[in-house]
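Listed here are the chains, written in short residue letters.
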Amino acid sequence: MLAQMMQIEQQKLTRRAIFWVELALMAVVTLGAIALFFTVKQMLDSGVSESGAFRIEGMDGPQVQAMLTWPLSFTLLLNIASTWGVFLLVVLSGAVTAQEYAWRSFQLWLSRGVPRWSVLVAKFTAVALTALLLILVVILLGGLITGILSASYLDEVPFAAINWGYLGLAVLVVAYSLLPYAALAMLLAVASRSTALTVGGGLAFVTLGEPLAMQLLPLLGERAGTIAQYFPASLAQIANGHVMGQISHDATAAVAAATGAPSVATAVLLLGGYTLLCLGTAVALFQRQELGG
């Protein structure tokens, strides 16, 4: 039953406009970021930024070129995917769950004897697969373009400079780091039954609530600062930074975590724990909800 529900939910999701809109938005963001770095590179090479009122500080031509060429370009692309993926997945997970109440789809499944828990688990699985697709859009599209730029700037495409195994692992880890936010959005949808409240609340958390708490807690003392290191965003930085630091064969070490920060293994486990906590709470609430009205 669960496997069948997963297949049905995946098919339903791929037929919805929001699914294709979000994939297209991720592609546009990727193209825009590469175009921005390319423009900066051209301006630095031509010396435009060194004259007049417009200046580019903090980077030079070689640094920008490195970001536009393999293997470092994949780190840039993964950071883009991680940053924008959070927003898109919150909207997707919240919207596709909350709208089921207005469409009375939940009542239809339950009237056919489908267990309540399997409905939400199947829907979350479809959202999780979409998270992976969002990352793949960035990597495949951005990798193709930066590969062409690598051939132009370096006179070769440095396939040997990339640890392809770690690149594949990085894609999975970045997608995995987005799951707590997808589960949180689903929990908000079940609790509120409102698309507006779910999407608004989810976006408020990722754009204001969590970042503000992570900045203010360290000001309250060492113990409060330690708590900030266990927020999902901090844990995602640790897990993502580790695998990103290993993509290049030339890398000597992964991105270093702050002193006293959780280990990579702890970060991975806690991200999974946050996901299970939010999803489990959503299932528990859903099990007790009155849907017959």
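Residues numbered from 1 in each chain as written. Predicted model: local features only at pLDDT ≥ 70, side-chain atom pairs only at ≥ 80, totals over all residues. Heavy atoms only, no water.

Caption draft 1: Structural context of the nonpolar core. Phe 74, Leu 78, Leu 89, Leu 120, Ile 135 and Phe 286 are the most contacted members of the largest nonpolar core, which has 73 residues in total. In this structure, Leu 78 is in contact with Ile 135, Ile 139, Leu 167, Ala 170, Val 171, Val 174, Met 244 and Ile 247, ignoring residues within four places of it in sequence. (Core = buried A, V, L, I, M, F, W, Y, C linked by side-chain atoms within 4.5 Å. Buried < 20%, exposed > 50% of the residue type's maximum accessible area, 1.4 Å probe, protein only. Contact = heavy atoms within 4.5 Å.)

Caption draft 2: Summary view of the packing of aromatic side chains. Throughout the structure, instances matching the rule amount to 10 aromatic pairs. On the basis of an interplanar angle of 50° and a centroid distance of 6.5 Å, the ring pair of Tyr 181 and Phe 205 is categorised as tilted. With a gap of 24 residues between them, Tyr 181 in helix α7 (residues 164–192) and Phe 205 in helix α8 (residues 195–216) connect regions that are remote in the sequence. Judged by relative accessible area, which is 5%, Tyr 181 ranks as buried. Here the aromatic cluster, defined as three or more aromatic residues joined through ring pairs, consists of Trp 70, Phe 74, Phe 159 and Trp 164. (Phe/Tyr/Trp six-rings, centres within 6.5 Å; stacked < 30°, edge-to-face > 60°. Helix = DSSP H or I, 4+ residues; strand = E, 2+ residues; numbered from the N terminus.)

Caption draft 3: Spotlight on the packing of helix α4 (residues 72–103) against helix α6 (residues 116–154). Interaxial distance between α4 and α6 falls to 9 Å at its minimum, and their mutual angle equals 150°. Regarding the angle of α4 to α6, the classification is roughly antiparallel. The element α4 and its partner α6 pack so that their crossing is right-handed. Where α4 approaches α6, its residues Ser 73, Phe 74, Leu 77, Leu 78, Ala 81, Leu 88, Leu 89, Leu 92, Ser 93, Val 96, Thr 97 and Glu 100 are matched on the opposing element by Leu 120, Lys 123, Val 127, Thr 130, Ala 131, Leu 134, Ile 135, Val 138, Ile 139, Gly 142, Gly 143 and Thr 146. For the contact of α4 with α6, a count of residues per class yields 15 nonpolar, 7 polar and 2 charged. (Axes fitted to C-alpha atoms, helices over the stretch in contact; angles between N-to-C directions. Parallel < 35°, antiparallel > 145°, perpendicular 65-115°, else oblique. Left-handed = near helix turned anticlockwise from the far one by under 90°. Nonpolar A, V, L, I, M, F, W, Y, C, P; charged D, E, K, R; others polar.)

Caption draft 4: Spatial organisation of the side chain of Glu 22. One can find Glu 22 in helix α2 (residues 17–46). Although buried, Glu 22 forms no salt bridge, and the nearest oppositely charged side chain, Arg 16, lies 10 Å from it. With sequence-adjacent residues up to four places away left out, Glu 22 is seen in contact with Leu 88, Leu 89, Val 91, Leu 92 and Leu 134. (Lys, Arg positive; Asp, Glu negative; His and termini not counted. Salt bridge = Lys/Arg side-chain N within 4 Å of Asp/Glu carboxyl O.)

Caption draft 5: Up close: the pattern of salt bridges. Applying the stated criterion across every chain yields a total of 5 salt bridges. The residue Lys 123 makes a salt bridge to Glu 9 at a minimum N-O spacing of 2.9 Å. Within this pair, whereas Lys 123 is found in helix α6, its partner Glu 9 is found in helix α1 (residues 2–14), the two being separated by 114 residues in sequence. The residues Lys 123 and Glu 9 share a single accessibility class, namely buried. Ionic pairing is found between Lys 123 and Glu 100, a salt bridge with its closest N-O pair at 2.7 Å. A residue pair is termed long-range when its members are at least 10 positions apart, and Lys 123 in helix α6 and Glu 100 in helix α4 qualify at 23 residues. Here the two residues Lys 123 and Glu 100 agree in accessibility, since each one is buried.

Caption draft 6: Summary view of the side chain of Ser 82. By the element assignment, Ser 82 lies in helix α4. Ser 82 gets classed as buried once you look at its relative accessible area, which sits at 15%. When near neighbours in sequence (up to four residues on either side) are disregarded, Ser 82 contacts Val 174, Leu 178 and Asn 240.

Caption draft 7: Summary view of unusual backbone geometry. In this structure, the amide linkage connecting Trp 70 to the following residue, Pro 71, adopts the cis form with an omega of 0°. By the secondary structure assignment, Pro 71 is in the loop between α3 (61–68) and α4. Even without being a glycine, Arg 104 presents a positive backbone phi close to 60°. You can call Arg 104 partly exposed: its relative accessible area is 41%. Non-glycine residue Asp 155 carries a positive phi angle of around 65°. Relative to the assigned elements, Asp 155 resides in the loop between α6 and α7.

Caption draft 8: Layout of the environment of Ser 105. By the secondary structure assignment, Ser 105 is in helix α5 (residues 105–111). With relative accessibility at 16%, the residue Ser 105 sits in the buried group. A polar contact of 2.8 Å, which involves the side chain of Ser 105, links it to the side chain of Glu 100. (Polar contact = N/O pair within 3.5 Å; in protein donor to acceptor, adjacent residues only side chain to side chain.)

Caption draft 9: Representation of α1 in the model. When the terminal C-alpha atoms of α1 are compared, their 18 Å separation across 13 residues agrees well with the 18 Å that a helix rising 1.5 Å per residue should span. Buried within α1 are the following residues: Met 5, Glu 9, Gln 10 and Leu 13. One side of α1 holds all its buried residues, which, seen down the axis, span an arc of 135°. Structurally, α1 contributes buried residues whose contacts are with α2, α4, α5 and α6. (Expected span 1.5 Å × (residues − 1). Arc of directions from axis to C-beta.)

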